[in-house]
Amino acid sequence: METIYFKGTPCHTYGNIPAVGAEAPCFSLVDKDLKDIRCTDFKSKRIVLNIFPSLDTPVCAMSVRRFNKEAAELDNVVVVCVSMDLPFAQARFCAANNIKNVEVASAFRSPKFTEDYGLQMIDGPLAGLLARAVIVINENGKVIFSDLVDEITHEPDYEGAVSVLKK
């Protein structure tokens, strides 16, 4: 269990975020067309998991826009933006914001993802949603960057995530 904060109020997650050096759990999520999206779909690519509560909040939307921009400049990298938002809302957001360089994925029917990645909030005002985190997975399935944002209203460490991809 991890402790994070929402506007200063403590919240807890279901488990623990995977640590740097750990084998990343394979995931199965739902894309904006209601199709399964799996870790195996990105074999031999580096994966950035941009995980957040909801696209309907300014910081979450900002992180998707920022990673959309960053991803366009990176080789052999796929950015998967994960939330509990329904795929229909994710598709509308991408269309309205000209998001083309990231994959959006919903964890709404993926309890295994929330269990394996330990990021579902179990209490507090946003209970049931995902905490804000960025996890970078290398081509061999190992976690090379892991950042659980302490305060949900803050942005993630974009520079840290991108810097490990440029090595």
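Provided above is the structure to which this section pertains.
These numbers were taken from a predicted model, which means no experiment stands behind them. Residues take numbers from 1 onward in each chain, read along the sequence in its written order. Selection of residues for local features in this predicted model requires a pLDDT of at least 70, selection of side-chain atom pairs for listing and counting requires 80 or more, and totals for whole chains, interfaces and linings are taken over all residues. Note: side-chain values were computed over all heavy atoms of the structure, leaving out hydrogens and water.

**Examining the pattern of salt bridges**
Side chains that differ in sign of charge can pair as their charged atoms come close.
Here is step 1: Between Lys or Arg on one side and Asp or Glu on the other, a salt bridge is scored when a side-chain nitrogen of the former is within 4 Å of a carboxyl oxygen of the latter. Inspection of the entire model under this criterion finds seven salt bridges.
Here is step 2: Ionic pairing is found between Arg-66 and Glu-159, a salt bridge with its closest N-O pair at 3.0 Å. Of this pair, Arg-66 sits in helix α1 (residues 58–71) while Glu-159 is found in helix α4 (residues 158–165), placing the two residues 93 residues apart along the sequence.
Here is step 3: Residues joined by salt bridges that share partners form a network here, namely Asp-36, Arg-38 and Arg-109. Segments assigned H or I by DSSP are reported as helices when at least four residues long, segments assigned E as strands when at least two residues long, and all are numbered from the N terminus.

**What about a nonpolar patch on the surface?**
Here is step 1: Taken together, the side chains of Leu-34, Leu-86, Phe-88 and Phe-108 define a hydrophobic patch exposed on the protein surface, amounting to about 370 Å² of accessible area.
Here is step 2: In this structure, Leu-86 sits in the loop between β6 (77–83) and α2 (87–96). Patch building starts from residues that exceed 30% relative accessible area and form no salt bridge, then joins like charges within 9 Å and nonpolar side chains (Val, Leu, Ile, Met, Phe, Trp, Tyr) within 5 Å. All accessible-area figures derive from a Shrake-Rupley calculation using a 1.4 Å probe, and residue coverage is judged against the displayed protein chains alone.

**A word on the packing of α1 against α4**
Here is step 1: Lines fitted to C-alpha atoms define the axes here, with helix axes fitted over just the stretch in contact, and angles between the N-to-C directions of these axes take values from 0 to 180 degrees. The contact between α1 and α4 brings their axes to 12 Å, and the two run at 25°. Taken together, the axes of α1 and α4 lie roughly parallel to each other. In the packing of α1 onto α4, the handedness of the crossing is right-handed. Residue-level contacts link Met-62, Ser-63, Arg-66, Phe-67 and Glu-70 of α1 to Tyr-158, Glu-159, Ala-161 and Val-162 of α4.
Here is step 2: Its residues placed into classes, the contact of α1 with α4 shows five nonpolar, one polar and three charged. Each angle receives one of four descriptions, namely roughly parallel if under 35 degrees, roughly antiparallel if over 145, roughly perpendicular if within 65 to 115, and oblique otherwise. Should the near helix be turned anticlockwise from the far one by less than a right angle, the crossing is left-handed, and should it be turned clockwise, the crossing is right-handed. Contacts are assigned to residue pairs that have any heavy atoms within 4.5 Å of one another. All residues other than Ala, Val, Leu, Ile, Met, Phe, Trp, Tyr, Cys, Pro, Asp, Glu, Lys and Arg, Gly among them, are scored as polar; the first ten of these are nonpolar and the last four charged.

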